[in-house]
Amino acid sequence: MEARILIIEDDLVSQKLHRKVIESAGYKVTMAADGLEGLSYAKEQDFDLVISDVMMPNMDGYETCQRLRENPKTAQIPILLLTALDNLKSKIKGFEAGADDYLSKPYEPDELVARVSVLLRRKPVPVEPRQTLEKKGKMIGVFSLRDGVGVSTIAVNLATGLAQLWGQESVLVDLALTAGQAALMLNLPLRNTWADLAHMEAEEIDQEVLSQTLRSHPSGVHVLSAPRRVEDGELIQAAKVNRVLEILQQSYDYIVLDLPHNFSETTLAGLDIADEILVVLAPELASVRSTAMALEVFEPLEYSLDSTRLILNWVFERQGLSVVDIEAVLSREIKTVIPFASEQFVRAINYGTPPVLDEPESTLGVIFEDLAFWVSQDDHKKLRPEEPTEAWKRLAKRMRKRRQ
Ligand SMILES: Nc1ncnc2c1ncn2[C@@H]1O[C@H](COP(=O)(O)OP(=O)(O)O)[C@@H](O)[C@H]1O
Ligand SMILES: [Mg+2]
């Protein structure tokens, strides 16, 4: 069946042009002259894709996009925005409104057709139920009481590393519900987020609902993003977080939590259920002190020493405290050290490609791949996989070398 495409465009000349390009690619076109008209068509009829201009009278493309996302009937339709300006601000605005892709005008007809066919091929992520309920995935929380030490950076690279290492989908859950940026770090649109779950009862959430809410990254990471709006994040309660994490545990082998920098109820729900907690710190006094405070809280909560691991991240370049000094203060061993690498990380964020994916053989790539291996499930670590991935082969080679 030919795909049905709704084009929302106010300018008559552009209308003609879009129609010609899209129809000659074999799609069926419905034209709307502005956002309001587009919304009413989208409500009445079924479309496979929406292409919308941004600057229009009555209702602009961003608001149209937002309204389409708010209505359950149209929430899942891929949206391509045509922006007149190729600037970062309009890209971020479109991303926040829930658009899937952008093309700046004037465009090459072939480029438009290519983008359209890619968007039409994208499907929601199916979450496969496990056969036996006892089989549980491993949940890894990444945490620090102080912000800006690289928690999200590490969580994103770890989830990606795990997916690459075991050739299976992993999940990244952004639990920084009022400020999370995990989706942005993977360049994923904020189309489905925790906000979709905000107005549901915890009991109503099941695998089916979650599979609609996760966004998938080409690396194999499925992301549960933080809401676009702070208010929506505030509606998520601990019981709901618990429910979501329990379902994910039944469906995936690895779940990585990007935790916020506090001990709120929802954070504790994540920490409680985690099998292992990576505590991140920077080599400076305030960070070391807040790590000591966090570890003090962990004790009465009975998070065992074996299941917490310290990661030292050089978020600045020079004059940090030494590993030996930090270990002495905390009476704990630092298991992983991440060097200062601002250029690599800035590039990674701007392009949505974590170093572990983009440059697996670089220093950072190796560190994250190793880390992914060390936090992997014991039965995975023991055996050679039937079909080893490239990441697994690299890792095995490194381990052999180190043993020599
Ligand atoms: N090893 C590093 N070297 C240089 N910059 C880093 C490093 N790790 C993280 N950063 C940068 O520090 C900033 C904060 O990282 P982020 O992961 O958002 O921290 P958090 O989640 O703890 O607030 C980001 O801009 C990130 O790119
Ligand atoms: Mg963060």
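Up top you'll find the structure we're talking about.
Residues numbered from 1 in each chain as written. Chains lettered and ligands numbered in written order. Predicted model: local features only at pLDDT ≥ 70, side-chain atom pairs only at ≥ 80, totals over all residues. Heavy atoms only, no water.

Colleague: It is not clear to me how the packing of helix α6 (residues 151–166) against helix α19 (residues 390–403) should be interpreted in this structure. Could you clarify?
Modeller: The description of two packed helices rests on the angle between their axes and on the distance between the axes. Interhelical geometry of α6 versus α19 gives an angle of 90 degrees and a closest axis separation of 5 Å. Classed by the angle they form, the pair α6 and α19 counts as roughly perpendicular. Contact with α6, carried on its side by Q164, L165 and W166, involves A391, W392 and L395 of α19 and no other residues of that element. Partitioned by chemical class, the residues of the contact of α6 with α19 number 5 nonpolar, 1 polar and no charged. (Axes fitted to C-alpha atoms, helices over the stretch in contact; angles between N-to-C directions. Helix = DSSP H or I, 4+ residues; strand = E, 2+ residues; numbered from the N terminus. Parallel < 35°, antiparallel > 145°, perpendicular 65-115°, else oblique. Contact = heavy atoms within 4.5 Å. Nonpolar A, V, L, I, M, F, W, Y, C, P; charged D, E, K, R; others polar.)

Colleague: Looking at this structure, I do not really get the packing of helix α3 (residues 61–70) against helix α4 (residues 88–97). What am I missing?
Modeller: Running from amino to carboxyl end, α3 crosses α4 at an angle of 20 degrees, the nearest separation of the two axes being 8 Å. With respect to α4, the axis of α3 lies roughly parallel. Note that α3 runs across α4; the crossing there is right-handed. Every residue of α4 that contacts α3 at Y62, C65, Q66 and R69 is listed here: S90, K93, G94 and A97. Residues of the contact of α3 with α4, tallied by class, amount to 3 nonpolar, 3 polar and 2 charged. (Left-handed = near helix turned anticlockwise from the far one by under 90°.)

Colleague: When you look at unusual backbone geometry in this model, what are you seeing that I'm missing?
Modeller: What you tend to see is this: most non-glycine residues have negative phi, and most peptide bonds are trans. In this structure, P106 follows K105 across a cis peptide bond, with omega equal to -5 degrees. Note on placement: P106 falls in the loop between β5 (101–104) and α5 (109–121). Of note, N58 is a non-glycine position whose phi angle comes to about 70 degrees, a positive value. Mapped onto the secondary structure, N58 falls in the loop between β3 (49–53) and α3. Overall, the relative accessible area of 64% leaves N58 in the exposed class. (Buried < 20%, exposed > 50% of the residue type's maximum accessible area, 1.4 Å probe, protein only.)

Colleague: So what exactly am I meant to see when it comes to the sheet that holds strand β12 (residues 308–313) here?
Modeller: On the basis of which strands lie adjacent, the open sheet formed by 8 strands has the order β8-β9-β7-β10-β6-β11-β12-β13 and mixed pairing. Edge strands, defined here as strands with exactly one partner in the open sheet, are β8 (215–216) and β13 (334–338). Sheet analysis places strand β7 (residues 170–174) next to strand β9 (residues 221–224), joined by 4 bridges and oriented parallel. Opposite L172, over in β9, you have V223 as the bridge partner. Strand contacts of helix α14 (residues 323–330): β11 (276–281), β12 and β13, with the helix running at about 140 degrees to β13, the strand carrying the most contacts. (Pairing = 2+ DSSP bridges.)

Colleague: Explain the pattern of salt bridges to me, please; I cannot follow it from the model alone.
Modeller: Opposite charge on two side chains allows them to pair when their charged atoms are near. Counted by the stated rule, this structure contains 21 salt bridges. For R229, the salt bridge identified is with D232, shortest N-O distance 3.4 Å. When its relative accessible area of 39% is taken as the criterion, R229 is described as partly exposed. By relative accessible area, which is 11% here, D232 ends up buried. With a closest N to O distance of 3.0 Å, R398 and D370 form a salt bridge. On the criterion of sequence distance, the pair formed by R398 in helix α19 and D370 in helix α17 (residues 363–374) is long-range, its members being 28 residues apart. Like R398, the residue D370 is buried in the burial classification. Connected via shared salt-bridge partners are E369, D370, R394, R398 and R402. (Salt bridge = Lys/Arg side-chain N within 4 Å of Asp/Glu carboxyl O.)

Colleague: Help me understand the site of ligand 1 in this model?
Modeller: Lining the immediate surroundings of ligand 1 are 19 residues, of which G148, V151, T153, N313 and A341 lie closest. One of the backbone N or O atoms of G148 is found 2.8 Å from an oxygen atom in ligand 1. Protein chains bury 80% of the 560 Å² of accessible surface belonging to ligand 1 in isolation. The residue makeup of the shell around ligand 1, split by class, is 11 nonpolar, 7 polar and 1 charged. (Near = heavy atom within 4 Å. Polar contact = N/O pair within 3.5 Å; in protein donor to acceptor, adjacent residues only side chain to side chain. Areas by Shrake-Rupley, 256 points an atom, 1.4 Å probe, with all protein chains shown as cover.)

Colleague: It is not clear to me how the sheet that holds strand β2 (residues 28–32) should be interpreted in this structure. Could you clarify?
Modeller: Two orientations exist for strands paired in a sheet by backbone hydrogen bonds: parallel and antiparallel. In spatial order, the strands read β2-β1-β3-β4-β5; together these 5 strands make up an open sheet with parallel pairing. Where the open sheet ends on each side, the last strands, each with one partner, are β2 and β5. Pairs of neighbouring strands in the sheet enclose a mean axial angle of 20 degrees, with direction left out of account. Bridge count for strand β1 (residues 4–8) against β3 is 4 bridges, and the pairing is parallel. Counterpart to I7 in the pairing with β3 is I51. The strands that α3 touches are β1, β3 and β4 (79–83); relative to β4, the one it contacts most, it runs at about 170 degrees.

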